[in-house]
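A structural walkthrough
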Amino acid sequence: MKIRRKQEELRNEVDMTSMIDIVFLLLIFFVMSFKIVELEGDFSVRMPLASNSTGTVDDTELPLKLRLRANEQGQLVSIQMNEVQLGTDFAALQNTVIGLVGSFGPTEDAEKGPEIEIDTDFNLRYEHVIQAITAVSGYKEGDQTVPLIERIKFAKPRR
Amino acid sequence: MRVKSKKVDLAQGDLTPMIDMVFQLIAFFMVLINFAQNEANDRVILPKSVLVKPPEETLEFPIVLHVTQDGEIILGGEGFTTDTLRIGLNRELAVINSEGKKPGDANVIIRAHRDTAAGDVQEVIRVAQEQKLEKFALRVKEDRI
């Protein structure tokens, strides 16, 4: 006598093993290549070669010269803004810049605002130059950035 | 006569929630992965500034120069000194010229290490100026207070 199974179900099961393998490989790839992105930005410096030489100087423009001196280790030892010694205090530098250019008010055309020339010792750590650029470029007021000097150039490197 | 079922009792866990989670993790990492980071160089730690913000538009015709702590300049994965940088820049300028643009249209992105000598960065700018490049971007990390 043939005995039939009462509950013979026809189940179509897809084998998931290979898919799970690949999915885990993908996951491992993304986890390994994941890197927390640090946001970066730029300070724009427009410096055609001609501006480095003795060009015509507009007498109506205030000449702004920032001198940064370093010791042998590259540490900042003095900041001098237009003959005014400011020690090593970037806040004092910023206040001086506000006093010098703040009266001009914000300029719509960044190409026509005041320009500063940064003259540094050769071995000064680059980080201090960026601190100086930050101090003269503007300051934060809440979420807003108040611009000061947007035209920056470098003097000839001192060897 | 009683016939015993030969069915093996397999304990099958429900894989659906795990697969859901794994797919969500993959989607998360896929969205966050940043392939543009190949612009970065592990030998360069950028200085920080509170004023910079990530640019809304990418710079046109970028030439990325990495300046390491010891003053080596890396352009396109190749190391240069200030004496040899001209060769690398000329190579980049040839590409820009072939697209009908002038050197003045290119943007030189300087990614210098925070402890490198400022003079090294100035030298890089001077060499680039001699190749008629005039737009420079000093790249720094955003410092969130």
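Reading the values: rules and limits
- Residues numbered from 1 in each chain as written.
- Chains lettered and ligands numbered in written order.
- Predicted model: local features only at pLDDT ≥ 70, side-chain atom pairs only at ≥ 80, totals over all residues.
- Helix = DSSP H or I, 4+ residues; strand = E, 2+ residues; numbered from the N terminus.
- Buried ≥ 20, exposed ≤ 12 C-beta atoms within 10 Å, placed from the backbone.
- Contact = placed C-beta atoms within 7 Å.
- Nonpolar A, V, L, I, M, F, W, Y, C, P; charged D, E, K, R; others polar.
- Expected span 1.5 Å × (residues − 1).
- Axes fitted to C-alpha atoms, helices over the stretch in contact; angles between N-to-C directions.
- Left-handed = near helix turned anticlockwise from the far one by under 90°.
- pLDDT = per-residue confidence, 0-100.
- Core = buried A, V, L, I, M, F, W, Y, C linked by C-beta atoms within 7 Å.
- Pairing = 2+ DSSP bridges.

With that settled, consider the overall build of chain B. Each helix and strand counted, chain B has three helices and six strands in total. For chain B, buried positions account for 32% of its 145 residues. For chain B, restricting intrachain contacts to residue pairs at least 6 apart in sequence, the fraction spanning at least 24 positions comes to 81%.

With that settled, consider the overall build of chain A. Secondary structure summary: chain A contains three helices and eight strands in total. In chain A, the succession of α and β elements from N to C terminus is α-β-β-β-β-α-β-α-β-β-β. Counting every position in chain A, which comprises 159 residues, the buried fraction comes to 25%.

What follows deals with the environment of A:Val97. Residues and elements named next belong to chain A. Within the fold, Val-97 resides in helix α2 (residues 90-101). Residues Val-97 and Ala-70, spaced 27 residues apart in sequence, show a C-alpha to C-alpha distance of 21 Å. Non-local contacts of Val-97, meaning those with residues more than four positions away in its chain, are made with Ala-135, Val-136, Leu-148 and Ile-149.

Of the residues lining the interface, 44 residues belong to chain A; the matching set on chain B comes to 46 residues. Every element with two or more residues in the side of chain A that touches chain B is listed here: α1 (17-33), β1 (40-46), α3 (126-137) and β6 (138-141) of chain A. Among the elements that take part in the side of chain A that touches chain B, α1(A) stands out by supplying eight residues, more than any other. Of the residues contributing to the side of chain A that touches chain B, the split by class is 24 nonpolar, 11 polar and nine charged.

With that out of the way, let us pick up α1(A). The end-to-end C-alpha distance of α1(A) is 24 Å, a good match for the 24 Å that 17 residues give at a rise of 1.5 Å each. Along α1(A), only zero of the 17 residues are buried, which leaves the element largely exposed.

Residue and element names in this part refer to chain A. Two elements in contact, α2 and α3, have axes whose closest approach is 8 Å; the angle formed by their N-to-C orientations is 35 degrees. In the packing of α2 onto α3, the handedness of the crossing is right-handed. From α2, Phe-90, Leu-93, Gln-94 and Val-97 reach across to α3, where they touch Gln-131, Ala-132, Ala-135 and Val-136. Split by residue class, the contact of α2 with α3 holds six nonpolar, two polar and no charged.

Contact geometry of α1(A) with helix α1 (residues 16-32) of chain B gives a least axis separation of 9 Å together with a crossing angle of 35 degrees. Crossing geometry of α1(A) relative to α1(B) is assigned as left-handed. Residues A:Ile20, A:Val23, A:Phe24, A:Leu26, A:Leu27, A:Phe30 and A:Val31 of α1(A) form the contact with α1(B), whose own contacting residues are B:Ile19, B:Val22, B:Phe23, B:Leu25, B:Ile26, B:Phe29 and B:Met30. Residues that form the contact of α1(A) with α1(B) fall into these classes: 14 nonpolar, no polar and no charged.

Here the focus is the confidence of the model for chain A. Predicted confidence across chain A gives a mean pLDDT of 80, with 78% of residues reaching 70 or more. Every residue in residues 51-57 of chain A scores below 50 in pLDDT, and together they form four contacts with partners more than four places removed in sequence or on other chains.

Ranked by size, the top nonpolar core spans 53 residues in total, and within it A:Leu68, A:Val129, A:Ala132, A:Val136, B:Leu65, B:Ile110 and B:Val124 carry the most contacts. Element by element, the count of residues in this core is highest for α3(A), at seven residues. Ignoring sequence-local partners within four residues, the contact set of B:Val124 consists of B:Leu65, B:Val67, B:Ile73, B:Thr82, B:Leu85 and B:Ile110.

This brings us to the sheet that holds strand β5 (residues 115-120) of chain A. All names here are of chain A. Overall, mixed pairing links the five strands, which are arranged β4-β3-β2-β5-β8 in an open sheet. Of all strands in the sheet, those with a lone pairing partner are β4 (84-85) and β8 (151-154), marking the two edges. On the sheet, α3 packs against β2 (64-70), β3 (76-81), β5 and β8 and is oriented at approximately 150 degrees with respect to β2.

Attention now moves to the pairing of β6(A). In regular strands, side chains alternate between the two faces of the sheet. All names here are of chain A. Here four bridges tie β6 to strand β7 (residues 144-147), and the two strands are oriented antiparallel to one another. Across the sheet, Lys-140 pairs through a bridge with Thr-145, a residue of β7. The turn linking β6 back onto β7 is made up of two residues, and Gly-142 within it adopts a positive phi angle of 70 degrees.

In the predicted model, chain B carries a mean pLDDT of 86, and the fraction of residues at 70 or more is 88%. Among the prediction metrics, the complex's ipTM stands at 0.77, with pTM recorded as 0.76.

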